[in-house]
Amino acid sequence: MGSNAFAAPPLARSPALLPLALRPYAELVRMGFVDTLAYRLRYYTGIATYFIYVSVYYFIWKAIYEHGTSIEGFDFSQIMTYVAVGWIIRSLYFNNIDQDLATQVTEGTLVMNLIKPVNLQGALIATALGQSVFRLVMLTVPTTLLLFLVFPVRRPASLAHFAAFSVSVALSFFIVAALNFAVGTLAIRLLSILGLLRAKYFLLELLSGLLLPISFFPHGFQVALDFLPFQYISYVPLLIYLGKLSGGAAWRALGIQIFWVLALVALGHAMWQWSSRKITVQGG
Amino acid sequence: MAPLVEVRDLTKEFRSFKRREGVWGAVQNLFVREYVTVRAVDRVSFAIEAGEMVGYIGANGAGKSTTIKMLTGILMPTSGTVVAAGWVPYRDRRRYTRQIGVVFGQRTQLWWDIAVVESFKLLKEIYEISDADYRSRLGLFAEILNLGEYMHTPVRKLSLGERMRCDLAASLLHNPPLLFLDEPTIGLDVVAKERIREFLKEVNRSQRTTVLLTTHDLSDIEELSRRILIIDKGRILFDGDLAEMKKRLAQYNQVKFFLKDRSQIPRLAEVTTNGLGLERVDELTYLMRFDRAKHSSADVIRTLVNRLEIRDLFVEEEPIEEIVKRIYLSGEVA
């Protein structure tokens, strides 16, 4: 065996655009992207699915708006825009970190992540980010074109609103990713959490404001939701898109989103620390 | 110098609940749970010096994998201590894992759906391997392990042997001083096993990489390690030199002989009169096993050639499997 192959610990490094500590995570973003390529066919059906969802809501809301022009400050074209753009951004912020983690626990593949000098939370979120970038190209863009062609979807309130909306959606991704990681860690102690994840899935659709605007909910409920992260996933970015949140209010909303990203990352980290002491590896 | 790995009174207990059987039992399970504590690893102590290659053997469920998982920082011990490469594996997991390579024969660390080389690139970033080191090590592994042909194939399309070679390369890309292998040759054919053994010997020799490997296949151990640890029911039954173990514990020798032709078969009964056991391998091939303390090989051979027409014979030491089996049965080493 050649002698210099194993020479001293690596010191010389290629020029880095990113801080060194982040490079593995940047590489994981790329891996998530490349990995998803293997299943690109799935996204053609994805476009159809999203189109069907929005069509169903179109007819439901059309029926509801037969009897009035405005509900809770939303006219029909606003509510249609709310629904369509809501599903469009869902294709971006959505990820399966919770399920991935749960499957890794039940199948025992989690060990392969634990033998690497990486932060599991960071690694899973980075991989999910790569997948989201992939979906942006394969799913979000075509779905957007299709929905704008078929349905009366409004354009963003202004260029500034669109910019704020884009930042807000990026933060939504991190809120969902951090939340999913935290929930996924429960699998380590509870082992079988697929039922729980299913409940979370539907609850999130409702509480994020994907199904209908939070302002349609009873007042007490709305007050309670103000103290929770869920409406910052879908409702808040959509309000910015529609121009219902502007200026200081929009800045404040973005600030609260950042707060929730940090809080949920901290929660996930704490839950991981708490659970990982209890890891029992399945099989092998 | 302190040993590279030092394990003291290492213990791991798992608590699991006892499941009752049947429908009524399942209903009862919902409300009342009875827990049982299983001690998978029981006060295990040993030390491994830098550069050693140690075989860790035991039956299924003996506690091998649980030990490895504590040594690699995946599981937290219930009690006892591990210090390896200067770290406490569980506590310092992220810093410690830079010092080790791990292969679990039943799992892969490679990304399933994408080309092998993509996983290698990820490892390059994770371990901060310089471009030059990465290229030269990968080139070398590709040559010795013959990876070249399928480096650009998705892992799911590789055979078990090919995948295992890639996993081995992946575990050594950062040139760790300490390598853990859990069943690295499981399910592989003879040629693939041989290639992997040669590779491990080479890495151990040229890099002084310390290797701890578990296996079912005792021929792995005979080929690779001078020292073995035998574990059963969570306890270490034997820790020492393989040759020493053979010398001390081999009770039997065996003579393998081939009869000249089938006419000799009825006469086999004559040779078993003085308490020598006979084992049939095939129609004309037999094994005669005898206690070394009671009979000499010369006597046994004399008996055989006097009474039978024999085409050929060999005297063999008792296979290591038999010795190990005896150690398990007695539960301790004499």
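Cut-offs applied
- Residues numbered from 1 in each chain as written.
- Chains lettered and ligands numbered in written order.
- Predicted model: local features only at pLDDT ≥ 70, side-chain atom pairs only at ≥ 80, totals over all residues.
- Heavy atoms only, no water.
- Domains from an automatic or database assignment.
- Buried < 20%, exposed > 50% of the residue type's maximum accessible area, 1.4 Å probe, protein only.
- Helix = DSSP H or I, 4+ residues; strand = E, 2+ residues; numbered from the N terminus.
- Pairing = 2+ DSSP bridges.
- Axes fitted to C-alpha atoms, helices over the stretch in contact; angles between N-to-C directions.
- Contact = heavy atoms within 4.5 Å.
- Salt bridge = Lys/Arg side-chain N within 4 Å of Asp/Glu carboxyl O.

A. Local environment of the domain arrangement of chain B. Split by domain assignment, chain B resolves into domain 1 (5-247) and domain 2 (252-317). In this structure, domain 1 of chain B and domain 2 of chain B have C-alpha centres spaced 42 Å apart.

B. Structural detail: the pairing of strand β12 (residues 285-291) of chain B. Residue and element names in this part refer to chain B. With 5 of 7 residues buried, β12 lies mostly within the body of the structure. As defined by bridge partners, strand β10 (residues 252-259) adjoins β12 across 7 bridges and the pair is classed as antiparallel. The residue bridging Asn253 from the neighbouring strand is Phe290, located in β12. Sheet topology places strand β11 (residues 277-280) next to β12; 4 bridges connect them, and they run antiparallel. In the strand pairing of β12, Leu278 is matched with Met288. Connecting β11 to the antiparallel partner β12 that follows it, the hairpin turn spans 4 residues.

C. Region of interest: the sheet that holds strand β6 (residues 178-182) of chain B. Residue and element names in this part refer to chain B. The 6 strands are arranged β5-β6-β7-β3-β8-β9 in an open sheet whose pairing can be described as mixed. Only two strands of the sheet have a single partner each, and these edge strands are β5 (100-104) and β9 (235-241). In this sheet, adjacent strand axes meet at a mean angle of 15° when their direction is disregarded. Strand direction decides the pairing type here: strand β8 (residues 227-232) and β9, joined by 6 bridges, are antiparallel. Bridge assignment links Ile231 to a residue of β9, and that residue is Ile236. Most of the contacts of helix α2 (residues 64-71) go to strand β7 (residues 210-215), to which it runs at about 150°, and overall it touches β3 (53-57), β5, β6, β7 and β8.

D. View of unusual backbone geometry. Residues and elements named next belong to chain B. Within the chain, Asn175 stands out as a residue other than glycine whose phi angle is a positive 50°. Examined against the element boundaries, Asn175 turns out to sit in the loop between α6 (160-172) and β6. Although it is not a glycine, Lys233 adopts a positive phi angle of roughly 50°. Secondary-structure assignment places Lys233 in the loop between β8 and β9.

E. Just the pattern of salt bridges, in detail. All names here are of chain B. Throughout the structure, instances matching the rule amount to 36 salt bridges over all chains. A salt bridge links Asp133 to Arg137, with the shortest nitrogen-to-oxygen separation between them at 3.7 Å. Of the two residues, Asp133 and Arg137 both sit in helix α5 (residues 131-144), 4 residues apart, roughly one turn of that helix. Assigned by exposure class, Asp133 and Arg137 land together as buried.

F. Local environment of the side chain of A:Asn180. Along the polypeptide, A:Asn180 turns up in helix α7 (residues 159-190). Excluding residues within four positions of it along the chain, A:Asn180 makes contact with A:Asn95, A:Ile97, A:Asp98 and A:Lys200.

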